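Residues per chain, in single letters:
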Amino acid sequence: MTQALLCVGNDMMGDDGAGVLLANLLKEHQSDWQIYVGGSFPEGETAAIRQSAPQTLVIVDATEMGLPPGAIRQIDPAMIGEMMLMSTHSMPLNFLIDDLKEVVDEVVMIGIQPDIVGFCYPMTEAVKEACAQLASLLNDADGSWRQLPQLVDDTTDEPCA
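Here the structure is a predicted model, which is why all the values come from computation and not from measurement.

Asker: What is the right way to read the pairing of strand S3 (residues 56-62) from this model?
Answerer: Here is the key point about a regular strand: its side chains alternate between the two faces of the sheet. In terms of residue burial, S3 counts as a mostly covered element, since seven of its seven residues are buried. Side chains Thr 56, Val 58, Val 60 and Ala 62 of S3 all project onto a buried face; the interleaved residues Leu 57, Ile 59 and Asp 61 project onto the opposite face, where all are buried too. Here five bridges tie strand S1 (residues 3-8) to S3, and the two strands are oriented parallel to one another. Within S3, the residue paired with Gln 3 across the bridge is Thr 56. Two elements, S3 and strand S5 (residues 106-112), share seven bridges in a ladder whose sense is parallel. Looking across to S5, one finds that Val 58 is bridged to Val 108.

Okay, structure coming up:
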């Protein structure tokens with residue numbers, strides 16, 4: 001099974017650089033994942049992802065979820081357009097996901113709760129630790145990343161789906 005990771009974020013914007021840090025951590029450990037660094041222009045990787053047509057694509061981005069800094073959650077891609085998710089990108093991720101679903105069997109969105117997002121701010125320790133934890137989960141051969149909790153609606157305790 002081919003797995004690809006699209007890491008999103010701007011590493012000059014504090015915690016928004018979580019995806020880029022994750023990509024660097026995985027590259028250091030020679031991960032089995034195909035890694036695409038989308039930065040703040042993730043749609044620029046669309047052609048390369050379409051060409052490789054992985055079975056699973058995991059998109060990781062700093063995401064405002066109303067959780068403690070560094071919290072990691074799976075987010076139903078169908079809900080991204082309906083949620084007020086923080087985005088520093090030129091195109092909402094739900095458009096990118098819809099486009100890639102034409103060639104990718106499974107698209108999974110993983111959000112990391114940021115603390116500080118601002119130009120020239122450093123990344124917080126909570127988000128650095130979350131990136132290291134997520135890198136470890138992604139490198140586990142047993143697919144333990146799939147056990148990450150879903151983002152739930154705190155008014156109903158149901159997954160946001």
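Asker: What is the right way to read the pattern of salt bridges from this model?
Answerer: Any two side chains of opposite charge can pair, given that their charged atoms come close. Within this structure, the stated rule accounts for three salt bridges. Arg 50 is the salt-bridge partner of Glu 102, the closest N and O atoms lying 2.9 Å from each other. Here the residue Glu 102 occupies a position in the loop between helix H3 (93-100) and S5, and Arg 50 occupies one in helix H2 (residues 46-52), the gap between them amounting to 52 residues. Overall, Arg 50 belongs to the partly exposed group, its relative accessible area being 26%. The salt bridge partner of Arg 146 is Glu 106, with a shortest N-O separation of 2.7 Å. Of this pair, Arg 146 sits in the loop between helix H4 (125-139) and strand S6 (152-153) while Glu 106 sits in strand S5; the two residues are 40 residues apart in sequence, bridging distant segments of the chain.

Asker: Teacher, can you tell me more about the packing of aromatic side chains here?
Answerer: Given two aromatic rings, their pairing is described by the distance between the two centres and the angle made by the two planes. What the rule picks out here adds up to one aromatic pair. With a centroid separation of 5.8 Å and 65° between ring planes, the pair formed by Trp 33 and Trp 145 is classed as edge-to-face. Remark: Trp 145 occurs in the loop between H4 and S6 and Trp 33 occurs in the loop between helix H1 (18-28) and strand S2 (34-39); sequence separation between them is 112 residues. For Trp 33, a relative accessible area of 6% corresponds to the buried category. A relative accessible area of 2% means that Trp 145 is categorised as buried.

Cut-offs used in this document
Residues numbered from 1 in each chain as written. Predicted model: local features only at pLDDT ≥ 70, side-chain atom pairs only at ≥ 80, totals over all residues. Heavy atoms only, no water. Buried < 20%, exposed > 50% of the residue type's maximum accessible area, 1.4 Å probe, protein only. Helix = DSSP H or I, 4+ residues; strand = E, 2+ residues; numbered from the N terminus. Pairing = 2+ DSSP bridges. Salt bridge = Lys/Arg side-chain N within 4 Å of Asp/Glu carboxyl O. Phe/Tyr/Trp six-rings, centres within 6.5 Å; stacked < 30°, edge-to-face > 60°.

So, to be careful, I would describe these as geometric facts and stop short of saying anything about function.
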